[in-house]
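Below, each chain spelled out in residue letters.
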Amino acid sequence: MPRPIEALIHPSALKHNLRIIRRHTGDARLWAVVKADAYGHGIERVYAGLQGADGLALLDLEEAERVRALGWRGPVLLLEGCFEPRDLELCSRLNLWHAIHCEEQIDWLATHKTTLPHQVFLKMNSGMNRLGFSAPAFRTAWSRLNALAQVDDIGLMTHFSDADALRLGRDGIAHQLAVFAQTTADLPGHRSLANSAALLRHAHRPLETHPAAGSEPLSVAADWVRAGVALYGATPDYPDHSAAHWSLRPAMSLHSRLVATQQLQAGDTVGYGSLYTAPQAMRIGIVACGYADGYPRHAAVDNQHGTPILVDGVRTRLVGRVSMDMLAVDLEPIRAAGHNAEIGSPVTLWGQGPHQSHLPIDEVAHAAGTIGYELMCALSRRVPVRIDG
Ligand SMILES: *Cc1c(COP(=O)(O)O)cnc(C)c1O
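What you see is a predicted model, and the numbers here were worked out from it, not measured in a lab.

A. Structural context of the overall build of the chain. In terms of helices and strands, the chain carries 12 helices and 20 strands. Here the chain has a C-alpha radius of gyration of 24 Å; the compact-globule value for 389 residues is 21 Å, and the two agree. Seen through its principal axes, the chain has C-alpha atoms that stretch 75 × 45 × 35 Å. In the chain, which comprises 389 residues, the proportion classed as buried is 54%. A separation of at least 24 residues holds for 66% of the contacts in the chain among residues at least 6 apart in sequence. As presented, the chain carries roughly 16,800 Å² of accessible surface, and 50% of it is formed by carbon and sulfur atoms.

Spelled out as structure tokens, the structure:
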């Protein structure tokens, strides 16, 4: 028998999440962000569930080739644009839209020979200070691009640094929204601003609270939203809000089974470093899942702090440090709930479990000092993945 760990991808959850996100977008079109191999889910596995998107956004040319090979004829956006001049040939051939975030990318485009003019998104650095033209340089960049025969259409984009939270006691996006709105007020072109957090948290807010200085108030949904993590059913703003609060469903579940049990006496310790000490006699289970599967080694496991996990659909906690191939769980809550826990009992690391149970990936991530995004993306290649249904 193969080692019992397995990840399940739920296409119905992707479709559901897409519908939920659409409730927030108004008339805006939706880029489904499928970078990092669809946040670890696998582009080929999520493709069917994301047919309702208007475009696919990603980073790697190799991933762009894969979505074209799958038959996607709609828009594909390279969120960081080209990394070197010869990437532009593939952009032309695959008909990719691409971000322009620096002067060099304009230089490359100016010398690129193409019969098909490109659609680009000019990126503004409105405060994130990662990629993009600063507000004073933005209009010059726009004029340069606008003068190029290689460019057909110029969209305008920016990215928020604090859409998931409040910054300095004020709204996390207002200052960037204002810079963007002021700088672009009289420029034509489609706008794209919102990631999942900006969309879910800010799209319904009254426009007056966004001090957009242009002639028209700017909704954060604008013309194109770029939704990533919410599609996959994690929340961008845990613990402020849970996935359930946003009505999102997990698109990935990670399952395994108990491969051993141990009976501990009071004072016995568990695992490397003996981080957990049994306060009284207790039974624990050993699960076939470890950090080599992508489970976070920094998950809380000592006597004070546990990381949630389900055994046969019953919630319990990790005890003792996560090792490469195994982790340990307290089986007492399983017994208390009237369930048997034995070798072969199903374990849910995150996502949907048996008997209608579920464990949000955000809770597991939080207990490990990280975010759901990282756990999804870190699912390791050795974990077999199956498509549900
Ligand atoms: C990854 C990414 C997104 C999607 O962000 P989520 O928080 O996953 O919705 C949007 N825009 C850009 C530029 C990105 O890099």
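B. A look at the nonpolar core. In terms of nonpolar packing, the biggest core is built from 118 residues, with Leu145, Tyr232, Tyr295 and Leu327 touching the most fellow members. The two domains that each donate at least three residues to this core are domain 1 (11-232) and domain 2 (252-387). Within the second largest apolar cluster, 9 residues are counted, among which are Ala278, Met282, Ile284 and Val319.

C. Structural view of the packing of helix H4 (residues 61-69) against helix H5 (residues 87-94). H5 packs onto H4 with a crossing angle of 15 degrees between their chain directions and a minimal axis gap of 11 Å. Viewed along their axes, H4 and H5 adopt a mutual orientation that is roughly parallel. Crossing of H4 over H5 shows left-handed handedness. Between H4, through Leu61, Ala64, Glu65 and Arg68, and H5, the contact on the second element is made entirely by Asp87, Leu90 and Leu94. Grouping the amino acids of the contact of H4 with H5 by side-chain chemistry returns 4 nonpolar, no polar and 3 charged.

D. View of the environment of Leu275. Here Leu275 shows up in the loop between strand S12 (269-270) and strand S13 (276-277). Taking the relative accessible area as the measure of exposure, Leu275 reaches 33% and is therefore partly exposed. Remark: the alpha-carbon pair of Leu275 and Arg321, spanning 46 residues in sequence, is separated by 6.5 Å. Ignoring anything within four residues of it in the chain, the contact list for Leu275 reads Val270, Val301, Asp302, Asn303 and Arg321.

E. Inspection of the site of the ligand at higher detail. Taken together, 13 residues surround the ligand, and among them Lys35, Tyr39, Ser196, Val229 and Tyr373 come closest. One nitrogen or oxygen atom from the side chain of Lys35 is found 2.7 Å from an oxygen atom belonging to the ligand. At 2.6 Å, a side-chain N or O of Tyr373 approaches an oxygen atom of the ligand. Coverage of the ligand by the protein amounts to 93% of the 390 Å² it exposes when considered alone.

F. Examining the pairing of strand S14 (residues 282-287) more closely. The element S14 is extensively covered by neighbouring structure, given that 5 of its 6 residues are classed as buried. Both strand S11 (residues 252-264) and S14 contribute to a ladder of 6 bridges, which runs antiparallel. By the bridge assignment, Ala260 is partnered in S14 with Ile286. With 4 bridges joining them, S14 and strand S17 (residues 327-330) adopt antiparallel strand pairing. Within S17, the position partnered with Ile286 by the bridge is Ala328.

G. Just the side chain of Gln105, in detail. Tracing the backbone shows Gln105 in helix H6 (residues 103-110). Residue classification places Gln105 among the buried residues on the basis of a relative accessible area of 3%. Within the local environment of Gln105, its side chain forms a polar contact with the backbone oxygen of Glu80, the two atoms lying 3.1 Å apart. Discounting residues that sit within four places of it in the chain, Gln105 has contacts with Glu80, Gly81, Cys82, Ala99 and Ile100.

H. Here's a closer look at the UniProt feature "domain: Alanine racemase C-terminal" (unreviewed entry) in the chain. Feature annotation in UniProt places "domain: Alanine racemase C-terminal" (unreviewed entry) on residues 251-388, given in this structure's numbering. Segment residues 251-388 splits into 14% helix and 34% strand. End C-alpha atoms: 10 Å apart.

I. Local environment of the pattern of salt bridges. Following the criterion strictly, the structure yields 16 salt bridges and no others. Notably, a salt bridge pairs Arg201 with Asp237, separated by 2.7 Å at the nearest N-O pair. Of this pair, Arg201 sits in helix H9 (residues 196-202) while Asp237 is found in the loop between strand S10 (224-227) and S11, placing the two residues 36 residues apart along the sequence. One exposure class covers both Arg201 and Asp237, and it is buried. Three or more residues joined by partner-sharing salt bridges are found here, namely Arg3, Asp293, Asp325 and Arg382.

J. Here's a closer look at unusual backbone geometry. In this chain, Tyr238 is followed by Pro239 through a cis amide linkage whose omega measures 5 degrees. One non-glycine residue with positive phi stands out, namely Ala36, at about 50 degrees. For Ala36, the position within the fold is in helix H2 (residues 35-39).

K. Seen up close, the UniProt feature "binding site: substrate" (unreviewed entry) in the chain. UniProt feature "binding site: substrate" (unreviewed entry): in the numbering of this structure it lies at Arg130 and Met324. In sequence the annotated residues extend across 195 residues, and in space they extend as well, their farthest C-alpha pair lying 34.3 Å apart. Inspection of the secondary structure assignment puts Arg130 in the loop between strand S6 (118-125) and strand S7 (133-134). Turning to its location among the elements, Met324 is positioned in the loop between strand S16 (314-317) and S17. Judged by relative accessible area, which is 43%, Met324 ranks as partly exposed. Sequence-distant contacts of Met324, that is, excluding residues within four places in its chain, are made with Gly290, Tyr291, Ala292, Asp293 and Arg382.

Reading the values: the criteria
- Residues numbered from 1 in each chain as written.
- Predicted model: local features only at pLDDT ≥ 70, side-chain atom pairs only at ≥ 80, totals over all residues.
- Heavy atoms only, no water.
- Helix = DSSP H or I, 4+ residues; strand = E, 2+ residues; numbered from the N terminus.
- Rg over C-alpha atoms; globule rule 2.2 N^0.38 Å.
- Buried < 20%, exposed > 50% of the residue type's maximum accessible area, 1.4 Å probe, protein only.
- Contact = heavy atoms within 4.5 Å.
- Areas by Shrake-Rupley, 256 points an atom, 1.4 Å probe, with all protein chains shown as cover.
- Core = buried A, V, L, I, M, F, W, Y, C linked by side-chain atoms within 4.5 Å.
- Domains from an automatic or database assignment.
- Axes fitted to C-alpha atoms, helices over the stretch in contact; angles between N-to-C directions.
- Parallel < 35°, antiparallel > 145°, perpendicular 65-115°, else oblique.
- Left-handed = near helix turned anticlockwise from the far one by under 90°.
- Nonpolar A, V, L, I, M, F, W, Y, C, P; charged D, E, K, R; others polar.
- Near = heavy atom within 4 Å.
- Polar contact = N/O pair within 3.5 Å; in protein donor to acceptor, adjacent residues only side chain to side chain.
- Pairing = 2+ DSSP bridges.
- UniProt positions renumbered as here; feature names shortened; annotations may be inferred.
- Salt bridge = Lys/Arg side-chain N within 4 Å of Asp/Glu carboxyl O.

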